[in-house]
Structures are given as C-alpha cells and as structure tokens.
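Survey of secondary and tertiary structure
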Amino acid sequence: MSRSDWTPKIWAVQQRASADWRAQRAEEALPARAESATVLKNQDFSAFVDFLKRSCGFDFTGYKPTSLMRRVNKRMQEVGVESLSAYQDYLEGHSEEPARLFNTILINVTAFFRDSLAWNYLTDEVLPHIIAGKPADQPIRVWSVGCASGEEAYTLAILLAEALGIEQLQQRVKIYATDRDEQTLHQARRATYSAADLKPVPAQFRERYFQQVGNRYVVCSELRHSVIFGRHDLICDAPLSHLDLLVCRNTLMYFNAETQKKALVHFRFALNNRGFLFLGKAEALPLHSNPFTPQALGFHSYGKVPTPNIRDQALVLAQRVNTGAAPFRRRTHLRDAALDAMPGAQVVVDPTGVLLLTDKQACTLFGPKLKDVDRPSPDDAFFHWPVPLHSLIEQVVSKCDSIPLHNVKWTVPSGGTRYFDMLIVPLLEGEGLVGAGINFTDVTRFKMLQGRLLHFGQKLQAANQELQSANEQLRTASAALQTTSEALQATNKELQSTNAALETMHEGLLGTNETLLGFNTELHVRTDGLNTANAFLESILTGLHSAVVVVDPTLSIRAWNRRAEDLWGVRAEEVQGQCFLTLDIGLPVEHLEGPLRTVLTWEPAHLEVVLGATNRRGRALRCRVTCTALRDAQQEIQGAIMLMEEEKEAL
Ligand SMILES: C[S@@+](CC[C@H](N)C(=O)[O-])C[C@H]1O[C@@H](n2cnc3c(N)ncnc32)[C@H](O)[C@@H]1O
C-alpha cells in the first residue's frame, strides 16, 4: 500500500471454507428451517415491524426483512403461535416476550479472535500503519460497533497492547465499544468469561491478559481501562469521530442495503483521513458508490467501482455505422491495444446479452470464435462457463449493480482446472445503461498458494501444538526431577546426621566396653581370690573335729561343716539360708538364741553354753557350744560362729 494512497479502507476476508464461515452459515440456516413451517407474507410482516416500533419501541425497519422474518418465525415457533396477529397478541399479553424477541433478533454471537485470519491481517498490516502514521504522543481511537459481549473489543485491546506495550496502550489507546443491546453490554463490562470462551485466545495472551477467578477468567484491569462500553444504535444515533480504526463485524449484514449505505456514510464521517474500516467476511457492500477503497490481496476487497470507459462502447457503436472513418479506426486500434494490455480477460455485452467486445485473453480463454462478437450470446461457447453468466448479466443490468464472483472453478476443455475471480459491472452512459463488462482474472496461482498456505499453516499449528505439549511434558518432568532431587538431598542430610550420631554412639560404646572389660578382669581376679579363700575356709572347716555353724546377723545359716552334718544328721545344702532357730535337730536351738544375740551385739568376745542334745544316731550327749562374733576387716560384726563339741564325761 503506498503511503500517498491513504483513504479510508475497507476489506473483508474471503475464506468461505473456514470453520468460522461454516458456523456462521449454520447459525443463519437454523432459523431458515423455521421459515418452512410458517410462511410470513411480506405485507403482513411490514405491518408487524410497524407494530414493534409503535408498541415495543424497537425499530427494525432498517433490517433485512428475510433475516428478520426468520428470527420472528423462530420465536413464534418457540412460543407456539402460528400467525403474526396471534404473536402480536402474545407480545401484548406477555411482558417478558418483547425482550426475548429482541434478543433473538439481535443475535449476540461473538468470540475472541473470531475469524483469526482477518485478525492476523489486522495485526500484520493495519495496526503497524496506524501506529507508524501517528506521532508517539497522539491518541489512537478505535470503535467496535456491535461489540456484543465484548470479546471483539478485548481482542482489539490485546493486539494493541502487543503492538504498543501495555503502558502505551493505557496512555494512548481508547477503544469505544458500542451495541444496541444493553444486556449484552452488561456482560461486556463484567469482562468475565468461561474457559470455553477463551479457547480461541492464544495461550500466551491467556496467561498475560486474563486472571483466573474460580473457574472463570477475568480480563486484566489494564486492558479493561482502555475499553469504554456504551449503548449506541447504529441506525439512529450520531456516529463518533476522529477514529483511526472502525471495526464493524458481522453486524452490517443484518441490515438492508439502504441502511448499510447510511451506516457507511456514518463510518466515513467517523474515520479520519488515514482511518481504516474493518468489516466481517460475510459483509457484502455495494461495490459502486460506496465511499471506501478496497484493501489487500487475498482478502475480499471492495472499492469504488471503476467507471467503465463508456467512450469505448460509443466507439463500437460508431464503428458499426461508420467503418470508413480513419480517426475512429485509429481509436478502435487504440482501444483494442488498451483492452489487450489490461490484466485478465475482458468481455463487453450489450443490455440484451449480445457480445460487443472481447480482448485477446478472452479469445485465448474461450476460443477464437468469441471474436465473432455479433452472434447472439446464449449459443456461444463462452456461455458454457460454470456459472450462469446469462442470468448474472440480466441481474447486473436490471439492478444496475456490480456482481463479484470469486474462485470460480473451471475445468479447461483441454484438461486441468483453473480458478477465476470475476467482476460483472454495469456500463453506464450518462443516466442510461448501455451494457455490462465482465473481467476474468486467473487466480489459480493464488488459489494454489492459498491452499498450500493453509496446509502449511495447519502443519505449523500442529507442530506448534506438539512442541507446546512436549515443552509442557519436559517442564513437568523437570519439576518432578527437581522435587525428587530435593527429597534425596534432604534424605542424604538426614542420613549424614544419623551416621554422625551413630559414630558418636559407637565410640561411647567402645569406651563402655573397655571399662566393662576392665571390670570383668577385676571381677575374675576377685572371683579367683574369693574361690581360693572359700576353698581355704572350706578345708579349714572340713578339717576341724568340731561341728561349726556360721550364721549372719539375722541368724540365717551361712556355713554348716562336715562334722555338723555327722553330728546332727542334716546336710549343709538342706540348711543353707534357713534360720538357725527353726532347725529341728537333736540340739535345743532355742537355748542358743540368747547367747547368739549377745555376741551379735558386740558385747563379750565369745560365750559358752553346754546343752543336752541327741546326735543323729539317737545317742544322748552333752554339747558345748561356743558362740563367737564374726568380724570383718573393719571389726564390724557380720554374724556369729558356733563351735559345737561333745563333752567326754557321760551325763
Ligand atoms: C453477531 S453480533 C457481532 C458481534 C461482533 N461484532 C463479532 O463479530 O463477533 C451482532 C451485534 O450487533 C448488534 N446490533 C444489532 N443491531 C444493532 C444496531 N442497530 N446498533 C448497534 N448494534 C446493533 C447486536 O446486538 C449484536 O450484539
């Protein structure tokens, strides 16, 4: 686009095969089914539209009647009435019905990045021009007309934030977003959307410009502050002004031609001289007499219809009556040369469809016979074109309006397939119509390129998605590894400190072990000493001819020698530990309690008692018992020793 060629621009996307296009057609087709059920008459219907204006305050006179009828019909079916008059009664009797009808008519279908190719174009081509064409301190003003629930306005805000940065967006950009429907504006102002609504939003934008609140997503405040929502009726309210970009998508198509023209006049007023108008792909504007110039190859573009050179037509007519005139011949040659030099094949027909003019490319395309321009057209090979040319010419002539056709597929008789863009324009001379011009532009190359572009785009998207999911997996794996590594490190630290504690404990145990070994050795030595002492004592006690009994301070028996066994007939192991005073032997032990307790209390060194007794064989005897205190090294009394001897003299 040359910088000198700045006039308001208009374009719409031509991607009829795209899913979005199909969805839109399906949405349009839905009410069409209803039409078959109840056929509304035009006359009745315009009376009904008057009734709506009078009784409900809704003016739908500027809307396309067919589309309006479909929606009214749909609503009638939903409430179960069959005639318009019955529906009028229903509207009057049900206070909520006018609002429901209003909602059905003003289809609020919308989406973020709806028709993504068009938004790509806006991003790559239009926004850079707008930004480059304005000094950095100048505001950028945008208007989203028919903004519905706000997705379109926020899409614009995202793209401008990406192009300018969020700070510049806040300082410079004002996006006015208007709609006729208050209810949908209320939704737009809330700026809260579901996960499904956000699906078309590229992931990086979702992260950057939305905040998750529960299971909903809210547009970030920086974007929200740059968008101003307001109620505005495109048909009857005054337009805004000084705009750099005016976006009116999928809204004009609901209006009739007259209202569309009025809207375009408003748009022209609203836009500044370098401004852009961005329409939906389904919006077909009249090609001539609209105040905009087309924009962008690959997009369905509209512009001022190039006025056909009617002088050429006059030339042809003049040639028929005056073939000898040299100036006419020269001009005829000039005309032929000019036609041949024009891109594409050109054909001119008169208002009845008779061929008047063809150029070289047309003859190459349709065969040399086409040169024979005076023959009636319907029999000509040219009219076996895949679209009904004859009726199209009739349409152009009767409505005095252009018809563009795109990507017309033609199976070439010699083999192969080619695609053509066609433009059929009425040819006017003064006020009168003198014929129609048809231009055929071979767009096979673009069509192929478009197909390949789409194919590569899809492949790129698939590759991108794969990359994203691989990336996601890597990130997850990396996070898991990091967690495991952290857990291992923690375990390792714990093990190290446990190990240190164990080592300390081990050293302590080694020390204790050594001490115990020392004790053990000493114990062995002492035990040996004790054993030796015991053996020594044992041998002394055994060697004695007297019976010896040793008791502790409680009078419990500690020693009982061999002679005591002989004398009293009780073995040492039978009396060990027993209280001496409880023994049942031939000696009256109870008489010894006094002497024993006396020696045990540190009084005399020893006491002697002679008692009558009976030995183990039953022989009576006199027994001398000497009680002596048993002292330890510190002279403490540890018990008593009783020495028992038989006195020799008989009793
Ligand atoms: C199909 S939606 C288009 C939404 C959005 N522009 C898009 O392309 O996704 C059409 C919108 O136009 C609005 N509309 C219909 N008639 C209008 C009028 N006369 N003035 C302003 N808005 C109107 C409807 O309320 C609706 O929200």
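For the structure itself, consult the block above.
Structural notes, computed from the coordinates.

Scoring rules and cut-offs
- Residues numbered from 1 in each chain as written.
- Predicted model: local features only at pLDDT ≥ 70, side-chain atom pairs only at ≥ 80, totals over all residues.
- Heavy atoms only, no water.
- Near = heavy atom within 4 Å.
- Polar contact = N/O pair within 3.5 Å; in protein donor to acceptor, adjacent residues only side chain to side chain.
- Areas by Shrake-Rupley, 256 points an atom, 1.4 Å probe, with all protein chains shown as cover.
- Helix = DSSP H or I, 4+ residues; strand = E, 2+ residues; numbered from the N terminus.
- Buried < 20%, exposed > 50% of the residue type's maximum accessible area, 1.4 Å probe, protein only.
- Pairing = 2+ DSSP bridges.
- Axes fitted to C-alpha atoms, helices over the stretch in contact; angles between N-to-C directions.

Moving on, we get to the site of the ligand. Every one of the 22 residues lining the ligand counts as a neighbour, but Tyr63, Thr110, Glu152, Asp179 and Asn250 are closest to it. Contact between the ligand and Thr110: an oxygen atom at 2.5 Å from a side-chain N or O atom of the residue. The contact in question runs from an oxygen atom of the ligand to an N or O atom on the side chain of Arg114, over 2.9 Å. For the ligand, the accessible surface in isolation is 600 Å², of which the surrounding protein chains cover 99%.

Time to look at unusual backbone geometry. Even without glycine at this site, Asn250 takes up a positive phi of about 55 degrees. Even without being a glycine, Cys400 presents a positive backbone phi close to 55 degrees. With respect to the helices and strands, Cys400 occurs in the loop between α16 (389-399) and β14 (403-411). On the basis of relative accessibility, which here comes to 28%, the residue Cys400 falls in the partly exposed class.

Every other side chain in a regular strand lies on the same face of the sheet, so the side chains alternate between the two faces. Here strand β17 (residues 547-551) pairs with strand β21 (residues 637-646) via five bridges, running antiparallel. What sits directly across from Val549, in β21, is Met642. The pairing of strand β20 (residues 620-631) with β21 spans nine bridges and is classified as antiparallel. Residue pairing in the sheet places Val625 in a bridge with Met644 of β21. From the end of β20 to the start of β21, which pair antiparallel, there are five residues, and Gln635 there has a positive phi angle of about 65 degrees.

Burial analysis of strand β2 (residues 140-145) places five of its six residues in the buried class, which makes it a mostly covered element. Relative to strand β3 (residues 173-179), β2 runs parallel, the two being bridged by six bridges. By the bridge assignment, Val145 is partnered in β3 with Thr178. Note that β2 and strand β8 (residues 243-248) share three bridges and pair parallel. Looking across to β8, one finds that Val142 is bridged to Leu245.

Attention now moves to the sheet that holds strand β5 (residues 210-213). Taken together, the three strands give an open sheet; going across it, the order is β4-β6-β5, and neighbouring strands pair in antiparallel fashion. The open sheet has two edge strands, β4 (192-194) and β5, and neither has a second partner. Across the sheet, the axes of successive neighbouring strands diverge by a mean angle of 35 degrees, strand direction being ignored. Note: β5 against strand β6 (residues 216-219), four bridges, orientation antiparallel. Considered in β6, the bridge of Phe210 is made with Val219.

Before going further, it helps to spend a moment on the sheet that holds β20. As summarised here, the arrangement of the five strands in space is β18-β17-β21-β20-β19, forming an open sheet in which the pairing is antiparallel. Of all the strands in the sheet, the pair left with one neighbour each is β18 (557-560) and β19 (606-614). Along the sheet, successive strands turn relative to each other by an average axial angle of 20 degrees, direction set aside. Pairing of β19 with β20 involves nine bridges; the strand directions are antiparallel. When the bridges of β20 are listed, Glu608 appears paired with Thr626.

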